[in-house]
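Commentary on secondary and tertiary structure
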Amino acid sequence: MENGIHYRTCHLCEAMCGVAIEMRDGHIASVRGDRDDPFSHGHICPKAVALKDIHNDPDRLTRPLQRTAEGWKELDWDCALDLVARRLHQVRTEHGRNAVGVYLGNPNVHNHGALVANLPFLRALGTQNRFSATSNDQLPHMLANLEMFGHQLLFPIPDIDHTELLICIGANPLASNGSLMSVPDLKGRLKALKARGGELVVIDPRRTETARQADAFHFIRPGSDALLLMAMVNVLFAENRVDLGAAQHWTRDLELVRLACLPYTPEAVAQQTGIEPVIIRDLAHRLATTQRAVLYGRIGTSTQSFGGLATWLIYLLNILTGKLDATGGLMFTQPAVDLVTLGALSGQRGHVGRRTSRVRGLPEFGGEYPASTMAEEMLTPGNGRIRAFVTIAGNPVLSSPGGQRLDEGLAQLDFMVSIDYYLNETTRHADIILPPTSALERSHYDVIFNMLSVRNVAKYSEPLFQPDDNARHDWQIMLELAHRLERLKRGGSLGLRRELGWRALKRIGPDGLLDLALRTGPYGQPVGRLQPLLQPAVDLIEAVLPERHPLKHLTGLSPLDRRWQDLPKGLSLAALRDQPHGLDLGPLRPSLPDRLYTRDRQVHLAPRRYLEDLPRLYQRLSEPVGGHLQLIGRRHLRSNNSWMHNSQRLVKGPERCTLMIHPRDASLAGLANGDQAEVTSEAGRIVLPVEITEDIMPGVVSVPHGWGHTRAGTTQRVAQAHAGASINDVIRDNQVDPVSGTSVLNGQAVTVTRHANEQRRRA
Ligand SMILES: Nc1nc2c(c(=O)[nH]1)N[C@H]1C(S)=C(S)[C@@H](COP(=O)(O)OP(=O)(O)OC[C@H]3O[C@@H](n4cnc5c(=O)[nH]c(N)nc54)[C@H](O)[C@@H]3O)O[C@H]1N2
Ligand SMILES: Nc1nc2c(c(=O)[nH]1)N[C@H]1C(S)=C(S)[C@@H](COP(=O)(O)OP(=O)(O)OC[C@H]3O[C@@H](n4cnc5c(=O)[nH]c(N)nc54)[C@H](O)[C@@H]3O)O[C@H]1N2
Ligand code: SF4
Ligand SMILES: [Mo]
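None of these values were measured; they are calculated from a predicted model.

**Comments concerning a nonpolar patch on the surface**
A surface patch of nonpolar side chains, amounting to about 290 Å² of accessible area, comprises Leu 256, Leu 259 and Leu 262. Considering the arrangement of structural elements, one finds Leu 262 in the loop between α9 (254-260) and α10 (266-273).

And the structure:
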């Protein structure tokens, strides 16, 4: 790129901040916030500068690598892609298609190219053994979307800019910058909330960065949220405060909810939750009586033993108090690329429990099994055992529970390939690593996060650097592999039409498809008179897309949904290119019941799946409280899951991978500041420095995830020097929320002692 300022969206987290990158002589001179970005108004966080560090990182891989007896050897692309396709094909012909497993990691959703290529690649693999970060993350939300609104992708988003009360439970957006709530500059938005007289309430086992900004903060015992939320529902009914507002016309099964909540009075749940009945009543009253209010929950309420119920109850409380689809409440977006509509048109609203996993019988969701079952599917002998594995932008050894078992499973595979640009804890097990271009070498459009955003926005970023001829994008790697696998499946040749289809798909690529999706979307500029010319190409591409690929519905090349008639039009890729700072498409607008996808066009308040889990919740009421320490996670502004610890700029400063523990518990364990603690469970053992603080609830300890860069054979040098320990080495993979199959990443019992070596040293 030429000298000067180039504008982009930062793709690192969900907030979609606009960055202004100054280029000088082919190098990045500076990264700043883009003041003219209509969504982020110049806000960035410290990670934005790491965009430069990742791009320039000498440890970042740029050529395919093959493991050999003499160590890693570079391969050329064709050779590597042929080899991978051949080996995968071999495993599936010898052992059946389910003998190949695949894990899709978090960065896929920050990459529109990868999203376009994921489905054709998965179809070419043809395996049912699919896994992703979803089951360590937002699965309970997707389940509630599906069960209550009829579509797994119809996420309700807090209308934070117009609310007067935000109750935040199990989320720390000041560190995470928001999740299922794309919201650049949360701090600024909270300031504005307060300036208009609004309030923030935080409920969390730790007094977090977000809690420090709150008007009220309450500790809650990990995993007890469903009880608190049930009690709030109970209060609403008991005091006649249920008022659905407009929703009364499009909701059903209110009576079932009334019955379900009867046992859960504030008094009944007080001990389990650690929250006083007066406070529970007050929370319910405030939500009911504040006209513009929203209850928002994330990782802490979703990746825990009652993740399914808690997430359902969060949605439910918003509905019972008239906040769903209401300004300042929980609303739906209308993104320019509307995957909700595209999915529905292709019969892809989502599904759950159509089949169960081989070893533990856990339910699939959207065609994926829970990540918690990956290791045992590799390690348990029998028909259908996973013998070959593919990871795409994921580091499950650090990010999935039972990290050590996963290490074991990956180590004994017949074949493994990783599409990733680091040789890290997971990819070190691969036979072949295929490194894609860096994010700054590709264009960017947020297909997913525009769907989750607190305003409707759209922005396209050009590549900042031209990749060299010897580089491949994620989408190119996946489509090349898919094309080869399909050929092998059909005995080596595909026939003319399919062959042309693959070539057309690879030629048009994600940006071409993005253009079509924008044009046929809610704000689209139809292709008009060019349609007859384009149609044959679109037909060819269609022929090679999986049966139910959402993009199949671009065929018409004209707007897909008549409900979009009154939205402003004119969007296309060219139109976005003309707006390098991005476009504001307006605030969230009420859209129910039109946007519902349930058969009866009603919101289902009491899906059976949740009611069936209530006996387990009821049992929890009488379980003994305390007795063991509960482990929870945390995030830090300068870190991002497992893969950004190789930037010196981000890891410098005080050690972040510490065990937070309350002074009472520290003294019980004989721990003093400066000590090393040993945390153990049946899954394993980690050692890390203690940080004694009253900010954590007694009975609870906290460790951030994504650390533990101590395993042999990785090449991230900065990360190794700031290794930390991996929380997922002590989190068991045998605990999942039975409703959704989500991993229990928060609230598991652990034992904490002083590390023996340390004891000796001090003595
Ligand atoms: N205990 C505990 N565990 C957790 C969580 C928790 O709160 N507590 N959080 C969970 C959540 S929410 C998530 S989303 C997961 C995330 O866990 P994963 O899905 O495993 O993702 P990351 O840890 O972010 O690892 C990303 C990988 O992708 C690579 N990568 C980065 N960018 C690209 C790219 O553009 N292309 C390709 N091909 N590779 C790329 C990186 O090198 C790295 O290897 O962790 C989960 N694990
Ligand atoms: N800086 C940074 N930003 C990130 C990421 C990152 O790693 N670093 N990861 C990104 C990803 S992939 C995601 S999914 C989002 C996640 O975004 P958030 O959900 O906001 O992430 P966390 O900071 O993990 O917040 C979870 C909170 O839940 C609390 N908690 C734990 N257990 C319980 C419980 O049982 N009940 C309640 N009520 N609370 C509990 C924790 O103390 C913590 O404060 O962040 C994204 N943004
Ligand atoms: S908040 Fe997220 S999107 Fe914004 S600059 Fe930081 S990492 Fe990038
Ligand atoms: Mo996540």
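**Focus: the nonpolar core**
One broad rule of soluble globular proteins: the nonpolar side chains tend to lie buried together. One finds Tyr 445 and Val 603 to be the most contacted residues of the largest nonpolar core, which totals 118 residues. For this core, the element with the highest residue contribution is helix α8 (residues 225-238), accounting for 11 residues. Taken domain by domain, this core gets at least three of its residues from each of domain 2 (65-137 + 338-586) and domain 3 (159-325 + 598-616). The contacts of Tyr 445, once residues within four sequence positions are left out, are His 112, Ala 336, Val 337, Asn 450, Ala 458, Lys 459, Tyr 460, Leu 514, Leu 518 and Leu 576.

**Focus on the environment of Ile 220**
Looking at the element boundaries, Ile 220 is found in the loop between β11 (216-218) and α8. In this structure the C-alpha to C-alpha distance between Ile 220 and Ile 169, which are 51 residues apart in sequence, comes to 9.2 Å. The residues touching Ile 220, leaving out its near neighbours within four places in the chain, are Ile 203, Asp 204, Pro 205, Asp 225, Leu 228, Thr 273, Ile 275 and Met 697.

**Some points on the pattern of salt bridges**
It is possible for side chains bearing opposite charge to pair when their charged atoms get close. For the structure shown, the criterion picks out 47 salt bridges. For Arg 711, the salt bridge goes to Asp 407, with nearest N and O atoms at 2.5 Å. Remark: Asp 407 occurs in helix α17 (residues 403-411) and Arg 711 occurs in the loop between β29 (700-702) and α26 (717-721); sequence separation between them is 304 residues. Between Asp 675 and Arg 754 there is a salt bridge; the shortest N-O distance is 3.6 Å. Placement of the pair is Asp 675 in the loop between α25 (663-668) and β27 (676-681) and Arg 754 in strand β30 (residues 748-754), with a sequence separation of 79 residues. The residues Asp 675 and Arg 754 share a single accessibility class, namely buried.

**Examining the domain arrangement of the protein chain**
Split into domains, the protein chain comes out as domain 1 (4-56), domain 2 (65-137 + 338-586), domain 3 (159-325 + 598-616) and domain 4 (626-762). Taking only C-alpha atoms into account, the centre of domain 3 sits 28 Å from that of domain 4. The partner domain 4 presents 22 residues to the 27 residues of domain 3 that form the contact. Between domain 3 and domain 4, a total of about 1900 Å² is buried, with carbon and sulfur atoms accounting for 60% of that surface.

**Regarding helix α13 (residues 307-320)**
Compared with an ideal rise of 1.5 Å per residue, which puts 14 residues at 20 Å, α13 spans 20 Å between its outermost C-alpha atoms and is within 8% of the ideal. Count one or two residues on from α13 and you reach Gly 322, which has phi positive near 75 degrees.

**Considerations on the packing of α8 against helix α11 (residues 277-289)**
Each pair of packed helices can be described by the angle between their axes along with the distance between the axes. Two numbers describe how α8 lies on α11: the axes approach to 9 Å, and their chain directions differ by 65 degrees. Classified by chirality, the crossing of α11 by α8 is right-handed. Between α8 and α11, the contacting residues are Leu 228, Ala 231, Met 232, Val 235 and Leu 236 on the first element and Ile 280, Arg 281, Leu 283, Ala 284, His 285, Leu 287 and Ala 288 on the second. Taken together, the residues that form the contact of α8 with α11 break down as 10 nonpolar, 1 polar and 1 charged.

**Description of the confidence of the model for the protein chain**
Caution is warranted with low-pLDDT regions, since their predicted coordinates should not be read in detail. Within the protein chain, residue pLDDT values average 96, and 98% of them lie at 70 or more. Mean pLDDT values for the elements of the protein chain range from 56 in helix α27 (residues 756-762) up to 99 in strand β18 (residues 415-419). A low-confidence stretch, residues 759-763 (pLDDT under 50), is modelled with 5 contacts involving residues beyond four sequence positions or located in other chains.

**Focus: the packing of aromatic side chains**
Taken as a whole and assessed by the stated rule, the structure comprises 8 aromatic pairs. Look at Phe 131 and Phe 389: their rings are 6.4 Å apart centre to centre, the planes differ by 40 degrees, and that puts the pair in the tilted class. Of the two residues, Phe 131 sits in strand β7 (residues 130-132) while Phe 389 sits in strand β17 (residues 388-392), which places them 258 residues apart along the sequence. The class for Phe 389 is buried, based on a relative accessible area of 0%. With a centroid separation of 5.1 Å and 80 degrees between ring planes, the pair formed by Phe 217 and Phe 219 is classed as edge-to-face. Taken together through their ring pairs, the aromatic side chains of Phe 149, Tyr 315 and Phe 332 make up a single cluster. Stacked on the ring of Tyr 421, the Lys or Arg Arg 60 has its end atom at 5.8 Å from the ring centre.

Definitions and limits used
- Residues numbered from 1 in each chain as written.
- Chains lettered and ligands numbered in written order.
- Predicted model: local features only at pLDDT ≥ 70, side-chain atom pairs only at ≥ 80, totals over all residues.
- Heavy atoms only, no water.
- Patch = residues over 30% accessible without salt bridge, like charges linked within 9 Å, V, L, I, M, F, W, Y side chains within 5 Å.
- Areas by Shrake-Rupley, 256 points an atom, 1.4 Å probe, with all protein chains shown as cover.
- Salt bridge = Lys/Arg side-chain N within 4 Å of Asp/Glu carboxyl O.
- Helix = DSSP H or I, 4+ residues; strand = E, 2+ residues; numbered from the N terminus.
- Core = buried A, V, L, I, M, F, W, Y, C linked by side-chain atoms within 4.5 Å.
- Buried < 20%, exposed > 50% of the residue type's maximum accessible area, 1.4 Å probe, protein only.
- Domains from an automatic or database assignment.
- Contact = heavy atoms within 4.5 Å.
- Buried area = accessible area lost by both parts, 1.4 Å probe.
- Expected span 1.5 Å × (residues − 1).
- Axes fitted to C-alpha atoms, helices over the stretch in contact; angles between N-to-C directions.
- Left-handed = near helix turned anticlockwise from the far one by under 90°.
- Nonpolar A, V, L, I, M, F, W, Y, C, P; charged D, E, K, R; others polar.
- pLDDT = per-residue confidence, 0-100.
- Phe/Tyr/Trp six-rings, centres within 6.5 Å; stacked < 30°, edge-to-face > 60°.
- Lys NZ or Arg CZ within 6 Å of the ring centre and 35° of its normal.

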